[in-house]
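If you want the building blocks of each chain, they are given just below.
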Number of protein chains: 2
Amino acid sequence: MANDKVTSAQVAALAGVSQSAVSRVFTPGASASKKTVERVRAAALELGYRPNALARGLITGRTRIIGLVVAYLDNQFYPVALELLSRALQERGYHILMFMAGNTTDKIAEVVGELMDYQVDGIITASVAMSNDLTTRCAAAGIPVVMFNRGQDDARLSEVTSDNVAGGRRAAEFLLAGGHRRIAHVMGWQGSSTGRDRAAGFSQAMRAAGVAPVAMIDGMYNRETAASVARDLFSGPDRPDAVFVGNDHMAFAVMDVLRFELGLSLPGDVSVVGYDDVPLASWPAYDLTTIRQPVRRMVDATVDALMAQIEGDGMPRKLQIDGSLIIRKSARTP
Amino acid sequence: MANDKVTSAQVAALAGVSQSAVSRVFTPGASASKKTVERVRAAALELGYRPNALARGLITGRTRIIGLVVAYLDNQFYPVALELLSRALQERGYHILMFMAGNTTDKIAEVVGELMDYQVDGIITASVAMSNDLTTRCAAAGIPVVMFNRGQDDARLSEVTSDNVAGGRRAAEFLLAGGHRRIAHVMGWQGSSTGRDRAAGFSQAMRAAGVAPVAMIDGMYNRETAASVARDLFSGPDRPDAVFVGNDHMAFAVMDVLRFELGLSLPGDVSVVGYDDVPLASWPAYDLTTIRQPVRRMVDATVDALMAQIEGDGMPRKLQIDGSLIIRKSARTP
DNA sequence: CGGGTTTTTGCAAACGAATGCAAGAAGGGG
DNA sequence: CCCCTTCTTGCATTCGTTTGCAAAAACCCG
């Protein structure tokens, strides 16, 4: 049966037609008579023939491979997104070539270079920034790029995020409405647009209410950092009575420190609000009040944007998807 | 600069050498004089040339792409493994083409078929079983397959697991040593080797101690199922005083039910032992006593096995990596 | 400086499929 | 039944590389 490499020529021979005929049978939208189709199909089945995607890609210029660059997977938001992305693309006949990149510029450049070697049809970056130079290279090569959950001020890039400014504002307003006046913000990494936007929204709402934040400290989207920030912030004599944390991943760390190291109760002593609404946030051990990022819709938007640019003549687009506040038990309810 | 498609021929023209020369400069281990190398490198840099991986793959028969098939990512063990795998392979110049497959046979077959279309150099399956037919096809195509965290009785397949039988035994022994006599087991999915092996080890140790398990129920490696199993098991009048759960992911669900629905205290009322030691297990909100699967070593072994078969003449191998018991606070300590 | 070795080089043939072109087959209408 | 149109088909070229082969160049040593 299916031996090492079956080529279209072998199928052609068996079916008694030319190699072109075989190709046409396997190329959607090419012309072939009913009889040829049948004979070729039969021969292909017998030999276990499947078209070689590399050869096809070489000549058509499309590989149906999407490059995915992601910085880390320990924040649960990303595996969830990855799973959805992968499924959505698979449904449309595309496949994901995956790369882990630290968030350093040159590592990312290296990785994008390798992606381009494989002639990917498009690139999705998750929680990763593109340097200007890199964007230029992708644009020159005609490879559309869409940034998932990160924004950047460059018209050549598509981006899909939640409305982070609104989200930050919403978090602050909720805490204020709960009667809190000593509110701190453990910020998302200030090197990222999401971190900055959420912080900006938070500040905005605080200012509007005439309340000054107790502190705004960068938690780097990192569990350890967030924990140590929480320790500093809450060990002193006049500690905050509420904290908005830049994402759920850090919020869990903060809650751990508050409850298990400092013996504080939530929401009795302190209110905590997170951002993302990852699955773990709804588990009773945390039961975290948080701003939801609608992953599913974000993923759909990402795939749509990419497909529009690959298959149609779509232009880069910037989308913000609104996320609602999910009220649970980690923060006092107004 | 870097225009749409730069080919080796263009570089050759600019450098004043033949196209073959360019190829040789970019092929490790090919002969080229110092002078040629220099001139070609310079020209390549100027034009932004990079070898087309598709064309290269077409002729060499190696793509440096590894197909990865994974069933789900909601169990934290897999994202962690995925990240390590991806990094390890990247270091060796390989890349991951990722596929999500449910655990249904035909879905997997479909996915493996698509993988083969891309002429992958090897396949890693994580928490996924291979049908006999599929294994045959891969073997015929000369594509090595290594199963990560799953075993199968087929000499053509490599596999890397932890020593699940020993692990299950260890868990039971630990609970027995803690003085428990009413011990239940929420089993890992019995359709998987890991689930069966852990259960077998557990049974073995119980039998050796002359203690009959209170219950052994399949939790399907699924959070909801595990939770409802826990509800049934622990709501009755004479509930177990200890439970060994087939993996951490389910153990968290069980703990949630025990503590937050049934108001039981751990390890006071009930002892819980899990399997995997995912990062979350060490967070104080769970602080789960568990059998560690040494992911890093498992990943290294996986990559080694794969490389041996791809680059050398290695035979398929079956590896079991021993994992130790990590004692935390969810179970009574002897 | 000559004869023999070793390196470097270009030529041309792969790899496996898609596709423009022109010829052949089939179909349709009067 | 013939002519004109529409479908199918095969031929040959193309995509961007690697690589075997043989010629050319460089090197070495006496």
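Sequence positions are assigned chain by chain, starting from 1 and proceeding in written order. In the order they appear in the text, chains get letters beginning with A and ligands get numbers beginning with 1. In view of the model being predicted, local features appear only for residues whose pLDDT reaches at least 70, and side-chain atom pairs are presented and counted only at 80 or more, with totals across whole chains, interfaces and linings using the full set of residues. Think of the side-chain values as coming from all heavy atoms in the structure, minus any hydrogens and water.

A short note on the environment of R182 of chain A
At step 1: Mapped onto the secondary structure, R182 of chain A falls in the loop between α8 (164-177) and β6 (183-187).
At step 2: Any N or O atom pair separated by 3.5 Å or less is treated as a polar contact, with the protein-specific requirement of one donor-capable and one acceptor-capable atom, and with residues adjacent in sequence counted only for side-chain atom pairs. Here the side chain of R182 of chain A touches R239 of chain A through a polar contact of 3.2 Å, landing on its backbone oxygen. Going along the chain from the N terminus, every DSSP run of H or I of four or more residues is numbered as a helix, and every run of E of two or more is numbered as a strand.

Looking at a nonpolar patch on the surface
At step 1: Only residues whose relative accessible area exceeds 30% and that form no salt bridge are eligible for patches; like-charged ones are grouped when within 9 Å, while nonpolar side chains (Val, Leu, Ile, Met, Phe, Trp, Tyr) are grouped when within 5 Å. Accessible surface is estimated by sampling points in the Shrake-Rupley manner with a 1.4 Å probe; for residues, cover comes only from the protein chains shown. By salt bridge we mean one thing: a side-chain nitrogen of Lys or Arg within 4 Å of a carboxyl oxygen of Asp or Glu. A surface patch of nonpolar side chains, about 300 Å² in accessible area, is lined by L58 and I59 of chain A together with L58 of chain B.
At step 2: Its place among the elements puts L58 of chain A in helix α4 (residues 53-60).
At step 3: Throughout this description, buried means an accessible area under 20% of the type-specific maximum (1.4 Å probe, protein chains only), exposed means over 50%, and partly exposed covers the range between. Using a relative accessible area of 38% as the deciding quantity, one classes L58 of chain A as partly exposed.

Topic: the environment of T194 of chain A
Residues and elements named next belong to chain A.
At step 1: Residue placement: T194 occurs in helix α9 (residues 193-209).
At step 2: We classify T194 as buried; its relative accessible area is 0%.
At step 3: For the pair T194 and D163, spaced 31 residues apart in sequence, the C-alpha to C-alpha distance is 9.0 Å.
At step 4: In this structure, T194 is in contact with N149, R150, N164 and Y221, ignoring residues within four places of it in sequence.
At step 5: A distance of 3.4 Å separates polar atoms of two side chains, one belonging to T194 and the other to R150. In what follows, residue pairs with any heavy atoms lying within 4.5 Å of each other are defined as contacts.

Here we look at the interface of chain B and chain A
At step 1: Contacts between the two partners involve 54 residues from chain B, matched on the other side by 54 residues from chain A.
At step 2: Buried area counts how much accessible surface, traced with a 1.4 Å probe, disappears from two parts once they are put together, with both parts' losses summed. Interface area for chain B against chain A, summed over the two sides, is near 4800 Å², with a carbon-plus-sulfur share of 60%.
At step 3: For the chain B face of the interface with chain A, the top three residues by lost area are L54, Y118 and W283 of chain B, together amounting to 15%.
At step 4: The tally of links between chain B and chain A comes to two salt bridges.
At step 5: Scanning the region where chain B abuts chain A turns up 16 residue pairs in polar contact (both at pLDDT 80 or more).

Thoughts on the protein's contact with DNA strand C
At step 1: Neighbouring DNA strand C are 27 residues, the closest being S8, S23 and R56 of chain A together with R24 and T36 of chain B.
At step 2: Among the atoms of DNA strand C lying within 4 Å of the protein, the sugar-phosphate backbone contributes 54%.
At step 3: The contact in question runs from a phosphate oxygen of DNA strand C to an N or O atom on the backbone of S8 of chain A, over 2.4 Å.
At step 4: One nitrogen or oxygen atom from the side chain of S18 of chain B is found 2.9 Å from a phosphate oxygen belonging to DNA strand C.
At step 5: Elements supplying a minimum of two residues to the surface near DNA strand C: α2 (19-26) and α4 of chain A together with α2 (19-26) and α4 (53-60) of chain B.
At step 6: Broken down by element, the residue count for the surface near DNA strand C peaks at five residues, all from α4 of chain A.
At step 7: Any residue outside Ala, Val, Leu, Ile, Met, Phe, Trp, Tyr, Cys, Pro, Asp, Glu, Lys and Arg is labelled polar, Gly included; the first ten of those are nonpolar and the last four are charged. For the surface near DNA strand C, the residue count by class is ten nonpolar, 13 polar and four charged. Being near a molecule or strand, for a residue, comes down to having at least one heavy atom within 4 Å of it.

Digging into the domain arrangement of chain A
Residues and elements named next belong to chain A.
At step 1: Under the domain assignment, chain A is made up of domain 1 (8-51), domain 2 (63-162 + 295-321) and domain 3 (164-294).
At step 2: Computed over C-alpha atoms, the centres of domain 2 and domain 3 are 29 Å apart.
At step 3: Each partner contributes to the roughly 1300 Å² buried at the junction of domain 2 and domain 3, and carbon and sulfur atoms together form 48% of this total.
At step 4: The largest share of the area that domain 2 buries against domain 3 comes from Q76, R150 and S162, three residues that together contribute 37% of it.
At step 5: The interface formed by domain 2 and domain 3 includes eleven residue pairs in polar contact (both at pLDDT 80 or more). By convention here, the domain bounds are inherited from an automatic or database domain assignment.

Looking at the protein's contact with DNA strand D
At step 1: Inspection of the region around DNA strand D gives 28 residues, with R24 and T36 of chain A together with Q19, S23 and R56 of chain B positioned closest.
At step 2: At the protein interface, 55% of the atoms of DNA strand D within 4 Å belong to sugar or phosphate.
At step 3: Measuring from a phosphate oxygen of DNA strand D, one finds a side-chain N or O atom of R56 of chain B at 2.6 Å.
At step 4: Those elements giving two or more residues to the surface near DNA strand D turn out to be α2 and α4 of chain A together with α2 and α4 of chain B.
At step 5: Of the residues that constitute the surface near DNA strand D, the class distribution is ten nonpolar, 14 polar and four charged.

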